[in-house]
Amino acid sequence: MHARLLSAPSPASTAAASFSSLPSAGARPRRASWKPRGPASATSPPALSLRARAAMQPAAPLPQGQGGSPVHGVSNKVVGVLGGGQLGKMLCQAASQMGIKIVILDPLQDCPASSVCHEHVVGSFNDGDTVREFAKRCGVLTVEIEHVDAATLAKLEEQGVDCEPKASTIMIIQDKYRQKKHFSKFGIPLPDFMEVDTLNSIEEAGERFGYPLMVKSKRNAYDGRGNAVAQKKEELSSVVASLGGFEHGLYVERWTPFVKELSVIVARSRDGSTVCYPVVETIHKDNICHVVEAPAEVSDKIKKSATGVAEKAIKSLEGAGVFAVELFLTEDDQILLNEVAPRPHNSGHHTIESCYTSQYEQHLRAILGIPLGDPSMKAPAAIMYNILGEDEGEAGFFLAHQLIERALNIPGASVHWYAKPEMRKQRKMGHITIVGPSKTSVKSHLDKLLQRDTYTPKKASPRISIIMGSDSDLRVMKDAENIIKKFNIPVETTIVSAHRTPERMYEYAKSARDRGVEVIIAGAGGAAHLPGMVASLTCLPVLGVPIKTKSLSGLDSLLSIVQMPKGIPVGALAIENAENAGLLAVQMVGARDSELLDKVAKYRDELRDMVLEKAERLENLGWEEYLK
C-alpha cells in the first residue's frame, strides 16, 4: 500500500485550532507523517494521531506549494528535497541562514535532516503517489540522492511542477551505462566501456580490454557497492554472480591505472550560467571517500583540463543545481570522467568552511534563480576527513566520539556530526574539515587528529626552493636552508646552471609553481645570470644572493641583480647574506600564514632578547672582562 498524506479536516471542524504547513517565523517547525490510506468511509473518518493532525495541509494547495503564512527570506519559494540524509541536513543548515524553508521527504523518522528542516514528511521518495502529494507542498523540487522515482518527476514536470535538476538528468545519472553513453555522445573523455549480458559478451570484453577488468552494475551502485574486479578470465563467472547476475544489468570498463582521483563541483543556474569550484583530490578507503584535499596538488594545466571536462559534462545535462564530477588523472596526464552526481557531494563538504560560498548555499542559489556565489577558496588549504564507522554499535560510537574530542583541540578544525541513530562499520557518520594557511599545516593537523607521526616537511612538496649555479656556492647558500628549516617549511636545494644546463633551468623555472614552490632563492656568482633568467621564466618571486668572486668580490653579481629590466624584478640581498634571503622567503610564505608569522615574531623576539642580554652583560662586566 502506498503511503499518502491523509485528507485535511474541513475548515469548519478546525475553526478553533487551525494548522498551517508552514508556521510563521519563530514557531516551532512541525513534521508531517504519511499514513497508509485505509478504505474510504462516508460515516467514520480514519483516526488521526496527534502527530498527523499537527501537520495537516489546507484542502486546496496554495500558490507555489506554500503554506498560509508568508515566507520572509532570500526566496519566497518552499524548497522540497527528496531525501533527508546528511546532504539534506547540510542543505537545511545553509537554508536556515538564508531564510529559506525546506521540506524534506524521507522514509526514516529520525533521518539526519529531520532535526533541522522546516518540515519532515515521512514517506518514500521512490513511491509515485507519495512524491506527487509531496510536490504540492513545494515551490521547487530537488534531490539530495539520485535514487528517486524519476519517472514520476518527469510526469510532474509535464504538469508544470518545477524540478531542479530535471528528471531527464536524474534518469541519465541513475543508470551508469546510460550515463557513459550520454557523455560519450558529447565527446567527454571516458574509460573504454561496453554493455555485457552473457558470458560470451563479457569474455569478449576481457579479450578487448584486457585484465584486470572492471565490472559494474548499471543501477544502485555507490561507495564501491555494485562494482567488482575480475583479475583473469576464470573469475568472470563468480564476479558476475557477486553482482546479481546479468539480469541485474551489467557493463564493463577498461581498467584505468590512474595516479589520482580528482573531483570538480560545478554549479549551474537556471539561466545556464556555470561556476566551478577548485579541483580537489579525493582519497578513498575501501572504495569510500575518506579524505579530500583542497586544492588538489596538480599542475595548473591539469586543473584547467579537469575543470574543462567537468564543465562540458554538466552543460550536456538539463536543469539547475550543484553537480559533482568525479575524474581520473592518468599516468600520462589525461583526464577521464568517472561519474557524475546531480547534487551536493562528499567531495564538496570542505566548501562550508573553506570557500566563500558553500556547495549547499550554491545549490539553493542555483535552483531558486538567485545569482551564483563566489566558489573560490577563502582559506589557502583545506582537508576533509570522513568519520567512518570503525566498529558496530556503541563501540563504534565510542571511537567516533574520541576522534571528535581530539578534533575540538585542533586549530582550524570543524566537526560535522550527522546524528545517524545506528552505527555500522564503514558508514559515513560525520566529517571533520581542517582549514589552514598551507597544505603542510592542514596535513600536520590531520596527523595530530589521527595520532600518527608519518607526515614530515621532507615528504611535502617544497614551498621554498634554493638554487645555485655551482656547488661552490653551497658554502653560502646552505645558510638559507638552515634558517628555513628552523620554521619547518618544506625546502629543496639544488644546482641549476644558467649557462651549462640551460634546458634544466628552463624546465625547473616553468615547473616550480606547479610543484607548489612559492619563493625561489637563487645564488648569483660569476656572471650572475641565474636569478634574472629564472625570474624571466616564472611569475614566482625570486630573491638573488650575490656570491663573492675573486675578481670583484661579489660587486658584479650585486649590480647584475639590481639592474634587471622593467617587468622582470628580482629581490637583491646583501652580498653572501643567504640567511637573510631565507628569512625573507619565510616572511613571504607567511604572508597568508598567521601561524608562520607568529613563529617569525618569536624568532625576532629571541634575537632582541639575545642583544639585550649581551648589552646587560657588557654594562655589568665592562669591555675588558666581557672580551675575555
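The structure this text deals with has already been given above.
Summarised in this report is the structure supplied together with it. (Residues numbered from 1 in each chain as written. Predicted model: local features only at pLDDT ≥ 70, side-chain atom pairs only at ≥ 80, totals over all residues. Heavy atoms only, no water.)

Once that is clear, we can look at the nonpolar core. Grouped together as the largest cluster of nonpolar side chains are 29 residues, with contacts concentrated most on Leu262, Leu327 and Leu337. At the level of elements, α5 (167-174), α6 (176-185), β12 (258-268), α9 (300-315), β16 (321-330) and β17 (335-341) are the ones that each hand at least two residues to this core. Leave out the neighbours within four places in its chain, and Leu337 touches Phe183, Ile188, Pro189, Leu190, Pro191, Ala313, Val325, Glu326 and Leu327. Counting residues in each nonpolar core, the second largest holds 25 residues, with Met477, Ile547, Leu583 and Val600 among its members. (Core = buried A, V, L, I, M, F, W, Y, C linked by side-chain atoms within 4.5 Å. Buried < 20%, exposed > 50% of the residue type's maximum accessible area, 1.4 Å probe, protein only. Helix = DSSP H or I, 4+ residues; strand = E, 2+ residues; numbered from the N terminus. Contact = heavy atoms within 4.5 Å.)

Moving on, we get to a nonpolar patch on the surface. Where nonpolar side chains cluster on the molecular surface, the patch consists of Leu552, Leu555, Leu559 and Val562 and spans about 360 Å² of accessible area. Structurally, the position occupied by Val562 is in helix α17 (residues 555-562). (Patch = residues over 30% accessible without salt bridge, like charges linked within 9 Å, V, L, I, M, F, W, Y side chains within 5 Å. Areas by Shrake-Rupley, 256 points an atom, 1.4 Å probe, with all protein chains shown as cover. Salt bridge = Lys/Arg side-chain N within 4 Å of Asp/Glu carboxyl O.)

What follows concerns the side chain of Glu164. Relative to the helices and strands, Glu164 is located in the loop between α4 (150-158) and α5. In terms of polar contacts, Glu164 uses its side chain to reach the backbone amide nitrogen of Ala320, at 2.7 Å. With sequence-adjacent residues up to four places away left out, Glu164 is seen in contact with Val140, Leu141, Thr142, Val143, Arg270, Gly319, Ala320 and Ile367. (Polar contact = N/O pair within 3.5 Å; in protein donor to acceptor, adjacent residues only side chain to side chain.)

Turning our eyes to something else, we now look at the sheet that holds strand β10 (residues 227-230). The strand order across the open sheet formed by four strands is β8-β11-β9-β10, and the pairing between neighbours is antiparallel. Unpaired on one side and paired on the other, β8 (193-196) and β10 mark the two borders of the sheet. Adjacent strand axes in the sheet meet at a mean angle of 30 degrees, parallel and antiparallel pairs treated alike. By the bridge criterion, four bridges tie β8 to strand β11 (residues 250-254) in an arrangement that is antiparallel. Residue pairing across strands places Phe193 opposite Glu253, the latter belonging to β11. Together, β8, β9 (213-217) and β11 form the strand contacts of α6, whose direction differs from that of β8 by roughly 140 degrees. Packing against the sheet, helix α7 (residues 199-209) makes contact with β8, β9 and β11, and its axis sits at approximately 165 degrees to β8. (Pairing = 2+ DSSP bridges. Axes fitted to C-alpha atoms, helices over the stretch in contact; angles between N-to-C directions.)

Let's shift gears to the environment of Asn338. Within the secondary structure layout, Asn338 lies in strand β17. Here the alpha-carbon distance between Asn338 and Pro189, two residues 149 residues apart in the chain, equals 9.3 Å. Apart from the residues within four sequence positions on either side, Asn338 is in contact with Lys180, Lys216, Glu326, Leu327 and Phe328.

Right, let's get into α6. Taken together, the buried positions of α6 are Lys176, Tyr177, Gln179, Lys180, His182 and Phe183. The inward-facing, buried residues of α6 contact α5, β8, β9, β11, α9 and β17. The N-terminus of α6 is capped by Asp175, whose side-chain oxygen sits 3.0 Å from the backbone nitrogen of Tyr177. Just downstream of α6, Gly187 is the residue with a positive phi angle, here 75 degrees.

With that out of the way, let us pick up the environment of Gly210. With respect to the helices and strands, Gly210 occurs in the loop between α7 and β9. Given a relative accessible area of 22%, Gly210 falls into the partly exposed group.

Two packed helices can be described by the angle between their axes and the distance between those axes. Running from N to C, α5 and α6 cross one another at 110 degrees; their axes reach a closest spacing of 5 Å. Judged by the inter-axis angle, α5 sits roughly perpendicular to α6. Residues Met171, Ile172, Ile173 and Gln174 of α5 touch α6, and the partners they reach there are Lys176, Arg178, Gln179 and His182. Looking at the contact of α5 with α6, its residues break down into three nonpolar, three polar and two charged. (Parallel < 35°, antiparallel > 145°, perpendicular 65-115°, else oblique. Nonpolar A, V, L, I, M, F, W, Y, C, P; charged D, E, K, R; others polar.)

Attention now moves to the pattern of salt bridges. Per the counting criterion, the structure on display carries 29 salt bridges. Taking the shortest distance from any N to any O, the salt bridge between Arg132 and Asp129 comes out at 2.5 Å. Within this pair, Arg132 and its partner Asp129 are both found in helix α3 (residues 128-135), separated by three residues, close to a single helical turn. Taking the relative accessible area as the measure of exposure, Arg132 reaches 31% and is therefore partly exposed. Overall, the relative accessible area of 15% leaves Asp129 in the buried class. We note a salt bridge from Lys628 to Glu625, for which the minimum N-O separation is 3.3 Å. Overall, the relative accessible area of 38% leaves Glu625 in the partly exposed class. A cluster of three or more residues bridged by salt bridges with shared partners is formed by Lys77, Asp162, Glu164, Lys166 and Arg270.

Before going further, it helps to spend a moment on α9. Note: α-helices contain 3.6 residues per turn, so residues at a spacing of three or four share the same orientation. With 16 residues, α9 ought to run about 22 Å at 1.5 Å a step, and its terminal C-alpha atoms sit 22 Å apart, in line with that. What α9 keeps buried is the set Ile302, Ala306, Val309, Ala310, Ala313 and Ile314. The buried residues of α9 occupy one face: seen down the axis, they fall within an arc of 130 degrees. What points out from α9, more than 90 degrees from its buried face, is the exposed set Lys301, Lys304 and Lys315. Its buried side turned inward, α9 meets α6, β12, β16 and β17. (Expected span 1.5 Å × (residues − 1). Arc of directions from axis to C-beta.)

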